[in-house]
Each structure stands twice: as C-alpha cells, then as structure tokens.
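The lines below spell out each chain.
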Amino acid sequence: VAVSPAAPPRPGADLRLAVLALAMMLPSLGTSIVNVSLPDIARDFGAGLPAVQWTVLAYLVALSAFIVGAGRLGDLFGRRRLLVAGIAVFTLASLAGACSTGLGLLVAFRAAQGLGAAVMMALSVASVGDLVPKERAGSAMGLLGTVSAVGTALGPTLGGALVAACGW
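Residues numbered from 1 in each chain as written. Predicted model: local features only at pLDDT ≥ 70, side-chain atom pairs only at ≥ 80, totals over all residues. Heavy atoms only, no water.

### Topic: the nonpolar core
Link 1 in the chain: In this structure, Leu20, Leu63, Leu83, Val128, Leu131 and Leu144 are the most contacted members of the largest nonpolar core, which totals 25 residues.
Link 2 in the chain: Looking at this core, the elements with two or more residues in it are α1 (13-32), α4 (54-77), α5 (79-98), α6 (103-131) and α7 (134-166).
Link 3 in the chain: Per-element tally for this core: the top contributor is α6, with nine residues.
Link 4 in the chain: Ranked by size, the runner-up nonpolar core spans 10 residues in total, among them Leu38, Ile41, Val52 and Ala58. (Core = buried A, V, L, I, M, F, W, Y, C linked by side-chain atoms within 4.5 Å. Buried < 20%, exposed > 50% of the residue type's maximum accessible area, 1.4 Å probe, protein only. Helix = DSSP H or I, 4+ residues; strand = E, 2+ residues; numbered from the N terminus.)

### Re the environment of Val34
Link 1 in the chain: Following the sequence through the fold, Val34 ends up in the loop between α1 and α2 (38-45).
Link 2 in the chain: Taking the C-alpha atoms as reference points, Val34 and Gln53, separated by 19 residues in sequence, lie 9.6 Å from one another.
Link 3 in the chain: Those residues in contact with Val34 that sit more than four places away from it in its chain are Ile41, Thr55, Val56 and Arg110. (Contact = heavy atoms within 4.5 Å.)

### Some words on α5
Link 1 in the chain: The end-to-end C-alpha distance of α5 is 28 Å, a good match for the 28 Å that 20 residues give at a rise of 1.5 Å each.
Link 2 in the chain: Among all positions of α5, only Leu82, Leu83, Gly86, Phe90, Ala93 and Gly97 are buried. Projection of α5 onto a plane perpendicular to its axis shows the buried side chains occupying an angular sector of 105°, all on one side. Across from the buried face of α5, at angles greater than 90 degrees, the exposed residues are Arg80, Arg81, Val84, Leu92, Leu95 and Ala98.
Link 3 in the chain: Tucked into the core, α5 has its buried residues touching α1, α4 and α6. (Expected span 1.5 Å × (residues − 1). Arc of directions from axis to C-beta.)

### Focus: a nonpolar patch on the surface
Link 1 in the chain: A cluster of nonpolar side chains, namely Trp54, Leu57 and Val61, defines an oily patch on the protein surface of about 290 Å² accessible area.
Link 2 in the chain: Relative to the assigned elements, Trp54 resides in helix α4.
Link 3 in the chain: Given a relative accessible area of 46%, Trp54 falls into the partly exposed group. (Patch = residues over 30% accessible without salt bridge, like charges linked within 9 Å, V, L, I, M, F, W, Y side chains within 5 Å. Areas by Shrake-Rupley, 256 points an atom, 1.4 Å probe, with all protein chains shown as cover. Salt bridge = Lys/Arg side-chain N within 4 Å of Asp/Glu carboxyl O.)

### Concerning the pattern of salt bridges
Link 1 in the chain: Counted under the stated rule, the structure contains five salt bridges.
Link 2 in the chain: A salt bridge links Asp44 to Arg43; its shortest N-O distance comes to 3.4 Å.
Link 3 in the chain: When its relative accessible area of 43% is taken as the criterion, Asp44 is described as partly exposed.
Link 4 in the chain: Overall, Arg43 belongs to the exposed group, its relative accessible area being 56%.
Link 5 in the chain: In this structure, Asp75 and Arg79 form a salt bridge, with 3.1 Å as the shortest nitrogen-oxygen distance.

### Comments concerning α4
Every α-helix winds through 3.6 residues per turn, so residues three or four apart in the chain are directed the same way.
Link 1 in the chain: In the structure, α4 departs most strongly from a straight axis at Ile67, where the bend amounts to approximately 45°.
Link 2 in the chain: Turning to α4, its buried residues are Thr55, Val56, Ala58, Tyr59, Ala62, Leu63, Ala70, Gly71 and Gly74.
Link 3 in the chain: The secondary structure elements touched by the buried residues of α4 are α1, α2, α3 (49-52), α5 and α6.
Link 4 in the chain: At the exit of α4 stands Gly78, carrying a positive phi of roughly 105°. (Bend = angle between axes of the 7 residues up to and from the residue.)

### Brief notes about the packing of α1 against α5
Link 1 in the chain: Packing of α1 against α5 brings their axes to within 12 Å, and their N-to-C directions diverge by 35°. α5 is crossed by α1, and the crossing has left-handed handedness. Where α1 abuts α5, its residues Leu20, Ala23, Leu26 and Pro27 lie against Leu83, Ile87 and Phe90.
Link 2 in the chain: Residue composition of the contact of α1 with α5, by class: seven nonpolar, no polar and no charged. (Axes fitted to C-alpha atoms, helices over the stretch in contact; angles between N-to-C directions. Left-handed = near helix turned anticlockwise from the far one by under 90°. Nonpolar A, V, L, I, M, F, W, Y, C, P; charged D, E, K, R; others polar.)

### Some words on the state of the cysteines
Link 1 in the chain: Counted by the stated rule, this structure contains zero disulfides.
Link 2 in the chain: Unpaired in this structure, Cys99 has its nearest cysteine sulfur neighbour in Cys166, at a distance of 12 Å.
Link 3 in the chain: For Cys99, a relative accessible area of 62% puts it in the exposed group. (Disulfide = S-S within 2.5 Å.)

This is the structure:
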C-alpha cells in the first residue's frame, strides 16, 4: 500500500495558528474573568448580586445566540475579515466595559464583548481547515480546545489579580 506524503505546511501557518489560538483563548478567558469581581462590582455600583450577575449572563447569552450565525457570516463575507472585526469588537467592548460608569453600561458592553467572542470562537475553529493540511487538522483543533480550556481556567486567577491591583 502506497502512503501519500503529507502535504507541506503553508507558509506562515504556525504564526497564523498561534493567532487563531489566541482568538480562541481570549473569549474563554472572558467567560470566567469577571466572576471573582462580582462582589466588588455590586459594591461599587450599589447593586444587588442578581443584577450584577447580568455581567456574566449578557456575555454568555450573546455568545450563545450569535456563534452559529457568526460562522455562516464568515462563510458569506470572508472568515479573515470577519475574524478581524470580531477581535476589534471584543477588544473595544472590553476597554469600554472597564471604563463603565454604570451597571447598565457594563452589562451592555459585556453583551457586545460576547458578540465579538462568538465571532472569534466560530471563525477560529472554521479557519483551521483553511490553514493546515488535513493530516494536521486534528492536532490544530486539539490546540484550540486546549487553549480554550486554559483561558477558562485562567480567568478567575487573572480576574482576581486585576481586582487586587486595579479594582473591578
């Protein structure tokens, strides 16, 4: 039985895969980073914990609601272009959320952050097939899954460090 040689890696594939991994890790980090700051947010905004929990829920609802549609939009308008837009939305919403002066604004920016996260996660996974040969697709998907789990696990630690250093 003849074995066909593995397809050569595409130029710059490792760097692009690292970017996709980062685009997968940041939304996972965003899922859990705010959890440890909920008591501080409640105190600073004078709100009850049920209201403050919307900072977590808004992110998760937006992420869940838009992730499938984000993949389809990437197919229609170009994955790379939409991924860059998702990164921009995620980044700007993160910065705006950090500067929020009211709980309603924070919740709105977390929802926007969840929208960017949906685009980043869906298109990171979808872009693997465009980037690596079929023989490496399983390893590449494993990398994305691993960094996603690492992001979720690092969230509370990083969130706690940020709260200790800067406040919520």
